[in-house]
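Structural features, examined
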Amino acid sequence: MSNETSVQKNLEEVRARIREASDKAGRNDRDVTLIAVSKTKPVSMLMEAYEAGMRDFGENKVQEILDKYDRMPSDVKWHMIGHLQTNKVKYIIDKVCMIHSVDSYKLAEVISREAVKHNVIMPILIEVNVAGEETKFGTGREGTEELVRQISLLPGIKIEGLMTIAPYVEDPEENRQYFVDLRQLSVDIARKNIDNVSMGLLSMGMTNDYEVAVTEGATHVRVGTGIFGARDYQV
Ligand SMILES: *Cc1c(COP(=O)(O)O)cnc(C)c1O
């Protein structure tokens, strides 16, 4: 494949590394969904990934999802991975396949209301700030179960698991414990057998640490820079 683009080469490498990490952990790489985090990147680059088979794309801004939604093929699955304001839920409720970043009852209530209005069941993940970083969104570990219980009663919404954004670190091994902690929390909550709650999904791991996350049970890794290159926020 001599006319492969750099996006396509990167994608192959990321996939190979996910496969290796899966092997190492005795997992099947089919159980790991790679989400191409395409924020700030042009549709032309998303299309390169699409042509190499990518269908799951992650974005963190509502406006950007709306812009790209109309310009990308309709079989793309859009994942909302960023902080979501309640007043913007209505714009994406019928466009995204999952919202990874639910960290309050208030937000879940609005998602529920909009989902019911559109007659859909929205799969969501609860974002947990496992490292307790003050600068990050996400509910604290201690409050997670209670939040899950409250949200589970809402119509039009289905809790599928947990998500976390680990700290930025030089050595990805430094984040291993956070991934272990998130998985343990999901196991603990799953044991409670709460109606309308599944803890099957773990969205964790980014460019710097996705292999570690895969060995600790990630079902969804969110990789941006590793596929599309560094982001330029000046533009
Ligand atoms: C930007 C972003 C990513 C991807 O980050 P990279 O380090 O570029 O892989 C993953 N998850 C979330 C929530 C993000 O905002």
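A few points on the structure.

Conventions adopted
- Residues numbered from 1 in each chain as written.
- Predicted model: local features only at pLDDT ≥ 70, side-chain atom pairs only at ≥ 80, totals over all residues.
- Heavy atoms only, no water.
- Helix = DSSP H or I, 4+ residues; strand = E, 2+ residues; numbered from the N terminus.
- Buried < 20%, exposed > 50% of the residue type's maximum accessible area, 1.4 Å probe, protein only.
- Contact = heavy atoms within 4.5 Å.
- Phe/Tyr/Trp six-rings, centres within 6.5 Å; stacked < 30°, edge-to-face > 60°.
- Lys NZ or Arg CZ within 6 Å of the ring centre and 35° of its normal.
- Lys, Arg positive; Asp, Glu negative; His and termini not counted.
- Salt bridge = Lys/Arg side-chain N within 4 Å of Asp/Glu carboxyl O.
- Expected span 1.5 Å × (residues − 1).
- Arc of directions from axis to C-beta.
- Near = heavy atom within 4 Å.
- Polar contact = N/O pair within 3.5 Å; in protein donor to acceptor, adjacent residues only side chain to side chain.
- Areas by Shrake-Rupley, 256 points an atom, 1.4 Å probe, with all protein chains shown as cover.
- 1 Å grid on protein atoms, 1.4 Å probe; cavity = no way out; pocket = protein on both sides within 12 Å on 5 of 7 lines; lining within 4 Å.
- Sits in = over half its atoms within 2 Å of the grid points.
- Nonpolar A, V, L, I, M, F, W, Y, C, P; charged D, E, K, R; others polar.

Below, the discussion takes up the overall build of the protein. Within the protein one finds 9 helices and 8 strands. C-alpha extents for the protein along the principal axes are approximately 55 × 40 × 35 Å. Burial statistics for the protein: of 235 residues in total, 49% are counted as buried. At a minimum sequence separation of 6, the contacts of the protein that also span at least 24 residues come to 60%.

We now examine the packing of aromatic side chains. This model, assessed by the stated rule, comprises 1 aromatic pair. Ring geometry for F57 versus W78: centroids 5.9 Å apart, planes at 40°, classification tilted. Linking F57 in strand 2 (residues 56-59) with W78 in strand 3 (residues 77-80), this pair joins segments that are 21 residues apart in sequence. Across the pair, exposure class does not vary: F57 and W78 are buried alike. One cation-aromatic arrangement involves R55 over Y50; the distance from NZ or CZ to the ring centre is 3.5 Å. The ring of Y69 has K95 sitting right over it, with the charged end atom 5.4 Å from the ring centre.

Following the sequence through the fold, K41 ends up in the loop between strand 1 (33-37) and helix 2 (43-51). For the buried residue K41, which engages in no salt bridge, the nearest side chain bearing the opposite charge is D232, 8.1 Å off. If we ignore the near neighbours within four places in the chain, the residues touching K41 are L46, E64, K68, F228, G229, A230 and R231.

A few words on helix 1 (residues 6-24). For helix 1, with 19 residues, the first-to-last C-alpha span of 27 Å sits near the 27 Å given by 1.5 Å per residue. Every buried residue of helix 1 is accounted for by V7, Q8, L11, V14, I18, A21 and S22. Seen along its axis, helix 1 keeps its buried residues to an arc of 145°; they face one direction. Away from the buried face of helix 1 by more than 90 degrees, exposed residues S6, E20, D23 and K24 are located.

Let's shift gears to the site of the ligand. All residues in the neighbourhood of the ligand are listed as V37, K39, I81, I165, M206, T207, R222, V223, G224, T225 and R231. In the environment of the ligand, an oxygen atom lies 2.5 Å from a nitrogen or oxygen atom belonging to the side chain of T225. R231 has a polar side-chain atom sitting 2.8 Å from an oxygen atom of the ligand. Expressed as a share of its isolated accessible area of 390 Å², the protein-covered part of the ligand is 90%. Here the ligand is seated within the largest pocket. Here the residues of the shell around the ligand are counted per class, giving 5 nonpolar, 3 polar and 3 charged.

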